[in-house]
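# Structure assessment
Read off the chains here:
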Amino acid sequence: MPLQLIRNDITKLSCDAIVNAANGTLLGGGGVDGAIHKAAGKGLLLECMTLGGCRTGEAKITGGYKLPAKYVIHTVGPVWHGGENGEEALLRSCYRSCLAIAKERGLESVAFPLISAGAYGYPKDQALKIAVDEITAFLLQNEILVYLVIYDKSSFQIGEKLFRDIASFIDDKYVDEHFTFNYRGRNKDSGAGSAALESTVIESDAFLGETRVLPVAREAIPAPRASVPKSKKISLDDAVKKIDESFSEMLLRKIDEKGMTDAACYKKANIDRKLFSKIRSDAFYRPSKTTAIAFAIALELSLEETREMLMKAGFALSHSNKFDIIIEYFITNGNYNVFEINEALFAFDQALLGT
Ligand code: AR6
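Scope of this entry: the structure provided in the associated data block.

Calculation criteria
- Residues numbered from 1 in each chain as written.
- Predicted model: local features only at pLDDT ≥ 70, side-chain atom pairs only at ≥ 80, totals over all residues.
- Heavy atoms only, no water.
- Near = heavy atom within 4 Å.
- Polar contact = N/O pair within 3.5 Å; in protein donor to acceptor, adjacent residues only side chain to side chain.
- Areas by Shrake-Rupley, 256 points an atom, 1.4 Å probe, with all protein chains shown as cover.
- Helix = DSSP H or I, 4+ residues; strand = E, 2+ residues; numbered from the N terminus.
- Buried < 20%, exposed > 50% of the residue type's maximum accessible area, 1.4 Å probe, protein only.
- Arc of directions from axis to C-beta.
- Contact = heavy atoms within 4.5 Å.
- Pairing = 2+ DSSP bridges.

By nearness alone, 23 residues border the ligand, and Gly 30, Val 32, Asp 33, Gly 118 and Ala 119 come closest of all. With respect to the ligand, the backbone of Ile 10 contributes an N or O atom lying 3.0 Å from a nitrogen atom. Side-chain polar atom of Asp 33 to an oxygen atom of the ligand: 2.7 Å apart, as the coordinates give it. Taken by itself the ligand offers 700 Å² of open surface, and the protein chains cover 89% of this. Of all elements in the fold, only strand S2 (17–22) and helix H1 (31–40) reach the threshold of two or more residues within the shell around the ligand. Looking at the shell around the ligand element by element, the count peaks at four residues for H1.

Helical geometry note: an α-helix holds 3.6 residues per turn, so side chains three or four residues apart project in the same direction. Those residues of H1 lying buried are Asp 33, Ile 36, His 37 and Ala 40. All buried residues of H1 project into a common sector of 95° when viewed along the axis, lining one side. Those residues of H1 that are exposed and angled more than 90 degrees off the buried face are Gly 31 and Lys 38. Buried residues belonging to H1 abut S2, helix H2 (42–49) and strand S4 (71–76). Immediately beyond the C-terminal end of H1, within one or two residues, lies Gly 41, with a positive phi of roughly 90°.

The two faces of strand S1 (residues 3–6) match: Leu 3 and Leu 5 on one face and Gln 4 and Ile 6 on the other face are all buried. Bridging between S1 and strand S6 (residues 145–149) involves four bridges; their strand directions are parallel. Paired with Leu 3 across the strands is Val 146, a residue of S6.

Interpretation in functional terms is not warranted from these geometric data alone.
If you want it as structure tokens, here you go:
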């Protein structure tokens with residue numbers, strides 16, 4: 001299941017559990033801890049009083065009381081003392097302990113704040129990297145939906161150099177076509193959807209459920225799975241056949257060509273298994289642009305192949321919006337880490353890849 005970066009107040013989320021960045025007493029405090037106790041009401045404090053505190057790097061679970069979430073997993077992050085005092089191992093341990101509890105309880109969704117990144121002073125970019133590292137490692141082995149809640153956008157930072165590089169890449173690319181685009185009366189920066197050549201599918205993954213309007217009635221034909229061995233050269237005949245290939249067929253062919261398993265591909269793409277199954281079983285499935293790009297990234301396609309795959313879904317990459325340029329930046333630099341790309345997209349206020 002995917003990791004989703006979202007901006008929200010964690011106390012408003014109705015997932016199975018939210019994580020509290022608490023202190024060792026577990027008796028409440030400021031920041032997210034204060035907000036959770038305030039929203040949950042007295043019952044939470046009374047239960048916390050029975051727990052005997054919690055050690056740094058460990059976690060304990062309670063009920064959610066008046067919160068929309070069923071449970072609260074309390075963990076105690078390390079205080080930042082310069083980074084030479086075991087802070088990283090302790091912070092990693094917080095994520096692992098919380099996820100282990102979620103797994104043990106069979107929870108299906110859990111939301112984390114950026115532990116230690118507030119009052120405890122952990123540098124936010126490092127705290128974010130550790131959070132993403134630990135959560136994605138866990139998700140490779142486990143099926144659970146994890147939200148990472150970035151509350152305070154102004155203090156959210158991707159690495160400064162990366163930010164500057166992307167900003168200047170955008171400046172370089174975001175030129176002529178931008179004006180042509182405006183001339184046609186479109187919004188100059190309307191995000192992922194703005195470069196769609198034809199978009200008949202609305203596939204949104206709102207926090208509390210998925211809305212999908214499927215396109216034109218086309219007969220669903222079971223997807224024939226073209227199996228092309230890695231070493232086999234593609235003949236002219238095959239190349240001609242490829243023109244008629246649908247998005248779904250191209251995706252499955254590329255997975256085979258890359259010698260990947262389906263699971264490795266959809267996990268790397270940050271795509272939910274159910275969505276992958278839909279695509280797999282419907283040769284004419286029309287994905288959203290972010291879904292299509294997520295697969296191109298997971299497959300480590302070149303820019304040209306990415307454009308081809310997008311075209312099959314009715315989309316293009318252009319220089320008229322930041323989203324497309326950021327994607328191009330990462331592909332050009334050979335960085336196919338969907339989570340790093342999402343961090344950058346998030347920093348530039350763009351739609352994120354994946355489910
Ligand atoms: N929803 C989501 N994230 C939030 C919210 C919210 N409602 N409020 C704050 N954050 P902090 P720490 C973010 O200080 O650094 C407490 O007093 C915030 O922007 O809450 O682990 C405890 O009792 C930041 O990115 O936790 C401890 O004494 C992140 O949550 C101490 O603070 C963590 O900030 C723990 O410090």
